[in-house]
Amino acid sequence: MKALLLIDLQNDFLEGGSLAVPKGNEVIPIVNQIQSRFDLIVATQDWHPANHKSFASNHKGRKVFEKVDLNGLEQVLWPDHCIQGTAGAELSDQLDARPIEVIFRKGIDPEIDSYSGFYDNGHRRSTAMSAYLKDKGVKQLYVAGLAADYCVYYSVLDAIAEGFDTYLIENATRAISDEGFQLAKKEIVKRSGTIVSVL
């Protein structure tokens with residue numbers, strides 16, 4: 001079975017959002033066009049409480065994009081984004097969400113961030129997505145969405161580690177940093193992931 005995993009296509013990561021990924025909106029028409037090629041479609045949704053420790057606003061005297069130690073893990077301090085129940089946390093209304101079978105929410109624990117759709121950043125808690133996909137008989141997993149150098153990247157690495165034949169759809173993702181994305185792609189290939197583009 002061939003599945004498509006859509007990462008964090010939420011308003012806060014799109015144009016006008018609090019943590020907008022450059023040209024992130026370009027991903028959505030591509031994703032809408034290719035969904036019919038897959039047997040199963042799942043998605044992730046960043047779903048932070050307002051007191052999440054990844055937010056710079058919750059660290060007195062700290063600025064956005066500074067790095068701190070958060071419970072033993074290096075943490076980038078982000079602008080407030082994808083707060084539970086807000087418009088920014090909703091999936092884009094430009095996304096055709098009808099084929100999505102299930103949405104896995106992440107970043108719920110205020111004490112640890114969660115870039116990957118599979119685990120939090122410390123691999124302390126699973127979202128159960130891997131078990132769900134395996135139960136469905138998924139062998140090939142294609143990944144698209146935002147942002148290429150963070151949540152997409154870490155989801156791809158975990159998918160590879162979980163034993164899926166994993167493909168990053170390069171033209172259906174956008175990065176915060178192009179330099180970061182180039183490094184991410186090298187690591188994905190090194191770990192036996194595959195970079196593809198779709199028409």
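A brief report on the enclosed structure follows.

What counts and what doesn't
- Residues numbered from 1 in each chain as written.
- Predicted model: local features only at pLDDT ≥ 70, side-chain atom pairs only at ≥ 80, totals over all residues.
- Heavy atoms only, no water.
- Helix = DSSP H or I, 4+ residues; strand = E, 2+ residues; numbered from the N terminus.
- Buried < 20%, exposed > 50% of the residue type's maximum accessible area, 1.4 Å probe, protein only.
- Contact = heavy atoms within 4.5 Å.
- 1 Å grid on protein atoms, 1.4 Å probe; cavity = no way out; pocket = protein on both sides within 12 Å on 5 of 7 lines; lining within 4 Å.
- Points joined across faces, edges and corners; volume = space filled by probe spheres on them.
- Nonpolar A, V, L, I, M, F, W, Y, C, P; charged D, E, K, R; others polar.
- Pairing = 2+ DSSP bridges.
- Axes fitted to C-alpha atoms, helices over the stretch in contact; angles between N-to-C directions.

## Digging into the environment of Phe 55
Phase 1: Locating Phe 55 in the fold gives a position in the loop between strand 2 (40–46) and strand 3 (67–70).
Phase 2: Overall, Phe 55 belongs to the buried group, its relative accessible area being 0%.
Phase 3: For the pair Phe 55 and Pro 79, spaced 24 residues apart in sequence, the C-alpha to C-alpha distance is 5.6 Å.
Phase 4: Once residues within four sequence positions are removed from consideration, Phe 55 is found in contact with His 48, Pro 49, Ala 50, Leu 77, Trp 78, Pro 79, Asp 80, His 81 and Ile 83.

## Points about empty space enclosed by the protein
Phase 1: Inspection of every chain in the model, using the stated rule, returns two cavities of 30 Å³ or more.
Phase 2: Lining the largest cavity are 15 residues, and of these Phe 13, Leu 19, Trp 78, His 81 and Cys 151 sit closest to its centre.
Phase 3: Considered class by class, the residues forming the lining of the largest cavity number 10 nonpolar, three polar and two charged.
Phase 4: Empty space within the second largest cavity amounts to approximately 30 Å³.
Phase 5: With three residues, the single largest contributor to the lining of the second largest cavity is strand 4 (residues 73–76).

## Considerations on the sheet that holds strand 2
Phase 1: The parallel open sheet is built from six strands, whose spatial order is 5-2-1-6-7-8. Whereas interior strands pair on both sides, the edge strands pair on one side only; in this sheet they are strand 5 (102–106) and strand 8 (194–196). Averaged over neighbouring strand pairs, the angle between their axes works out to 25 degrees when direction is ignored.
Phase 2: Bridge count between strand 6 (residues 140–146) and strand 7 (residues 165–174): six bridges; the pairing is parallel. Across the sheet, Tyr 142 pairs through a bridge with Tyr 167, a residue of strand 7.

## Let's talk about unusual backbone geometry
Phase 1: Here the bond from Leu 146 into Ala 147 is cis, since omega is -15 degrees, no more than 30 degrees from zero.
Phase 2: With respect to the helices and strands, Ala 147 occurs in the loop between strand 6 and helix 3 (151–161).
Phase 3: Not every positive phi belongs to a glycine, and Asn 71 is a case in point at roughly 50 degrees.
Phase 4: As for its position among the elements, Asn 71 is in the loop between strand 3 and strand 4.
Phase 5: Here Ser 192, not a glycine, exhibits a phi torsion of approximately 80 degrees, which is positive.
Phase 6: Looking at where Ser 192 falls in the secondary structure, it is placed in the loop between helix 4 (178–190) and strand 8.

Nothing here speaks to function; it is geometry throughout.
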